[in-house]
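# Residue-level structure breakdown
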Amino acid sequence: MSQRFDWVVIGAGPAGQKAAIQAAKAGYSVAIVERGSDVGGECVHRGTIPSKALREAARRIAVGRESLARVAELPDEVPMEMLLSRVTDVIEGHVRYQTDQVTRNGIVIVRGRARFEDAHRLTVQGIRERHELTAEHFVIATGSVPRHPPGFPVDHERVLDSDSILQQPYLPKRLVVIGGGVVACEYATIFQHLGTEVTMIDKASHPLGFMDNDLTQRLVERFKAAGGRIVTETTVVRMTPSFGSVELELLDGSKLQATTVLLAMGRVANVHHLGLETLPVDLTQRGHIEVDDKFRTSVPHILAVGDAIGFPAMAATSMEQGRRAVRMAVDLPVEDVSSQTPMGIYTIPELAGIGLTEAQALKAHDEIRVGICNFTEVARGQIADLRGMLKLITTANGSRILGVHIIGEGATDLVHVGQMAMLGGLRPEVFVDNTFNFPTLAEAYRVAALALHKPTALRSALVPA
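Residue numbers here run from 1 along each chain, matching the order of that chain's written sequence. Totals for whole chains, interfaces and linings use every residue, but because this is a predicted model, local features are given only for residues with pLDDT of at least 70 and side-chain atom pairs only at 80 or more, for both listing and counting. The side-chain values count all of the structure's non-hydrogen atoms but skip hydrogen atoms and water molecules.

## Looking at the overall build of the chain
Operational definition: Strands are runs of DSSP state E lasting at least two residues, helices are runs of H or I lasting at least four, and both sets are numbered from the N terminus onward. Radius of gyration means the value over C-alpha atoms here, while the globule rule gives 2.2 Å times the residue count to the 0.38 power. Any residue under 20% of the maximum accessible area for its type is buried, any over 50% is exposed, and the rest in between are partly exposed; the area is computed with a 1.4 Å probe on protein chains only. We call two residues in contact whenever any of their non-hydrogen atoms come within 4.5 Å of each other. Calculation of accessible area relied on Shrake-Rupley with a 1.4 Å probe; when residues are assessed, cover is drawn exclusively from the protein chains displayed. A positive count includes Lys and Arg, and a negative count includes Asp and Glu. His and the chain ends are not counted in either. We put the charge of a Lys on NZ, of an Arg on CZ, of an Asp on CG and of a Glu on CD.
From N to C terminus, the chain includes 13 helices and 23 strands. For the chain, whose C-alpha radius of gyration is 24 Å, the value lies close to the compact-globule estimate of 23 Å for 465 residues. In the chain, which comprises 465 residues, the share counted as buried stands at 50%. Look at the contacts in the chain between residues 6 or more apart in sequence, and 63% of them connect residues 24 or more apart. Within the structure as shown, the chain displays about 22,300 Å² of accessible surface, and the carbon and sulfur contribution to it stands at 51%. Each charge class in the chain can be summarised by its mean position, and for the 48 positive and 53 negative side chains these summaries are 2 Å apart.

Here is the structure:
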């Protein structure tokens, strides 16, 4: 079956959907190719949605255990299906909504694996039939897959990756997480709150090194206080799975035993099957598709967006990349967008930040001001028994907000207040001179802004804090 379109988008995840919808709204004929049975991509089916459903289950269990004493301990052999009881409904709801979005815009969904035959033609191998699609423009939005470094025998039974961790029949008893990035930290804290004994192994000196140090330090303290263990500045040199357990040998010769190992050492672009070498489309040293500031590859009518092009590889940024890439390609107006993108990490507790960290701000400005509000300083934090912190970073004269960093439940929502202030170029006094609902966590912005005037708020790169 041969079909011709103006645009063909490969991948129906967040980036691909928004690219396809934008092209359709601009009046073009569009097809979207998806290898899975439904739209949504890794985000909906194996990543963000199911992992956050598990996080919510863990959070509720922890609240019950700590505040109401309704749950002392989970029983042995807890089925993962029980913990993910709502995830199927959530996924199906997302799929219905997103499929409706795609189809009501007149976009044709073609299911199967895509491969370029030349610069304007690709084949799509489905289960029963083979399609040939030709187009004037293509968007590659194929996402990423978990990285499996050599020497780590991922068998999806005892040694898992982020795709298979939620497919296990039972909650693991002793989990070793290898890695210190977003996925590693999210799952480490989630499973800890479900009662699993968790050890993290990271080659860096501390996890989440790109976040503000105050946030990661508090996260590590909370993790350790709850019984977690972190082994840093080392690597696993040998891993031996056996019936019922996995033995890990570290660089110093020490050994660990686990019932389950989660390999969370990053993700790689899912592009190896596309036949890009025949075009050729250039890749970076890390295997991502190389693009210019308009998301064009080395073949200009072939665009690439989302995880396939690398950092920041977040669903929120991928959606916007898909939309903007198509608009620029067809000469539709595109507004300037701030380079300040909020980062949200769904550990327990949540972390969020936007702008410069304290270390980055000191490097760029020599002197800065830092105002901190602990959640216990606002009524909402006391009422809800929330432990957390909001941190404002400004220039030394207080004229400009350089960064906002938050740890605590609700951080990923709360950071957007700071984002809007930064986008508007507002001074930190805006948080003092205006009214917030009471009691809310948003009041932490006022307390932190007032703290900027304390003598201890001034920080210098020449004087250690």
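Next comes the rest of the write-up.
## Remarks on the sheet that holds strand 13 (residues 245–250)
Condition: Strand pairing is defined by DSSP finding a minimum of two bridges between the two strands. Note on definitions: angles span 0 to 180 degrees between N-to-C directions of axes, and those axes are lines fitted to C-alpha atoms, for helices only across the stretch in contact.
Ordered in space as 12-13-14, the three strands form an open sheet in which the pairing is antiparallel. The sheet is open, and its two edges are formed by strand 12 (236–242) and strand 14 (255–258), each paired on a single side. Across this sheet, the average inter-strand angle for adjacent strands is 20 degrees, counted without regard to direction. Sheet analysis places strand 12 next to strand 13, joined by six bridges and oriented antiparallel. Bridged to Met239 within strand 13 is Leu248.

## Quick word on empty space enclosed by the protein
Keep this limit in mind: Only protein atoms enter the 1 Å grid used here, on which a cavity is any set of points holding a 1.4 Å probe that cannot leave and a pocket is any open set flanked by protein within 12 Å on both sides along at least five of seven lines; residues with an atom within 4 Å of a point are listed as lining. Grid points are joined across faces, edges and corners, and a volume is the space filled by probe spheres set on the points. In this classification, Asp, Glu, Lys and Arg are treated as charged, Ala, Val, Leu, Ile, Met, Phe, Trp, Tyr, Cys and Pro as nonpolar, and every other residue, Gly included, as polar.
Tallied over the entire structure, the rule returns one cavity of 30 Å³ or more. The computed volume of the largest cavity comes to approximately 50 Å³. At three residues, helix 7 (residues 213–225) tops the list of elements feeding residues into the lining of the largest cavity. Broken down by class, the residue content of the lining of the largest cavity amounts to seven nonpolar, one polar and no charged.

## With respect to the sheet that holds strand 8 (residues 159–160)
What the five strands build is an open sheet, ordered 8-15-9-10-11; its pairing is parallel. If you trace the sheet from one side to the other, it starts and ends with strand 8 and strand 11 (229–232), each paired once. Across two bridges, strand 8 lies against strand 15 (residues 260–263) in parallel orientation. Residue pairing for strand 15: Val159 is matched across the bridge by Val261. Where helix 6 (residues 182–193) meets the sheet, it contacts strand 9 (174–178), strand 10 (197–202) and strand 15, and its direction lies at approximately 165 degrees from that of strand 10. Against the sheet, helix 7 touches strand 10 and strand 11, its axis set at about 130 degrees to strand 11.

## Quick word on the nonpolar core
So the rule is basically this: Residues enter a nonpolar core if they are buried and are Ala, Val, Leu, Ile, Met, Phe, Trp, Tyr or Cys, with the set joined through side-chain atoms within 4.5 Å.
Residues Val8, Phe116, Leu122, Ile140, Leu276 and Ile289 are the most contacted members of the largest nonpolar core, which totals 49 residues. Only strand 1 (2–10), helix 1 (14–25), strand 2 (30–34), strand 4 (113–118), strand 5 (121–125), strand 6 (130–140), strand 17 (302–304) and helix 8 (315–329) provide two or more residues apiece to this core. Dropping the residues within four chain positions of it, Ile289 is found in contact with Ile140, Val271, Leu276, Val281, Asp282, Leu283, Thr297, Ala304, Ala308 and Ile309.

## Quick look at unusual backbone geometry
Among all residues save glycine, negative phi is the norm, and among peptide bonds the norm is trans. A cis amide bond, omega -10 degrees, links Leu279 with the succeeding residue Pro280. Tracing the sequence through the fold places Pro280 in the loop between strand 16 (267–269) and strand 17. Here the residue pair Ile348 and Pro349 is connected by a cis peptide bond, since its omega of 5 degrees sits within 30 degrees of zero. By the element assignment, Pro349 lies in the loop between strand 18 (343–345) and strand 19 (351–355). With a phi close to 65 degrees, Phe295 is a non-glycine residue in the positive phi region. Along the chain, Phe295 turns up in the loop between strand 16 and strand 17. Non-glycine residue Asp331 carries a positive phi angle of around 60 degrees. The topology assignment puts Asp331 in the loop between helix 8 and strand 18. Judged by relative accessible area, Asp331 falls into the exposed class, the value being 67%.

## Notes on the packing of helix 1 against helix 8
Cut-off, in case you're wondering: An angle counts as roughly parallel when it lies under 35 degrees, as roughly antiparallel when it exceeds 145, as roughly perpendicular when it falls between 65 and 115, and as oblique in every other case. It is the rotation of the near helix from the far one that decides the hand of a crossing: anticlockwise by less than a right angle makes it left-handed, clockwise makes it right-handed.
In the contact formed by helix 1 and helix 8, the axes pass within 7 Å of each other and the chain directions differ by 30 degrees. Here helix 1 is positioned roughly parallel relative to helix 8, judged by the angle of their axes. For the element pair helix 1 and helix 8, the recorded crossing hand is right-handed. Taken together, the residues of helix 8 that come into contact with helix 1 (itself represented by Pro14, Ala15, Lys18, Ala19, Gln22 and Ala23) are Ala315, Ser318, Met319, Gly322, Arg323, Val326 and Arg327. Residue classes in the contact of helix 1 with helix 8 are distributed as seven nonpolar, three polar and three charged.

## Some thoughts on the packing of aromatic side chains
Operational definition: We call Phe, Tyr and Trp rings a pair once their centres come within 6.5 Å, taking the six-membered ring for Trp, and we label the pair stacked below 30 degrees between planes, edge-to-face above 60, and tilted otherwise.
Overall, the coordinates contain three aromatic pairs when judged by the stated rule. Ring centres 6.1 Å apart and planes at 35 degrees place the aromatic pair Tyr187 and Phe191 in the tilted group. On the criterion of helical spacing, the pair formed by Tyr187 and Phe191 is a turn pair, its members being four residues apart in helix 6. Of the two residues examined, Tyr187 and Phe191, each falls in the buried class.

## Looking at the side chain of Glu186
Defined as follows: A 3.5 Å cut-off defines polar contacts: any pair of N or O atoms within that distance qualifies, except that in protein one atom must be a possible hydrogen donor and the other a possible acceptor, and neighbouring residues in sequence count only when both atoms are side-chain atoms.
Looking at the element boundaries, Glu186 is found in helix 6. Its relative accessible area of 10% is what places Glu186 among the buried residues. Side-chain polar atoms of Glu186 contact the backbone nitrogen of Tyr346, separated by 2.8 Å. Setting aside anything within four residues of it in sequence, one finds Glu186 in contact with Lys52, Ile345, Tyr346 and Thr347.

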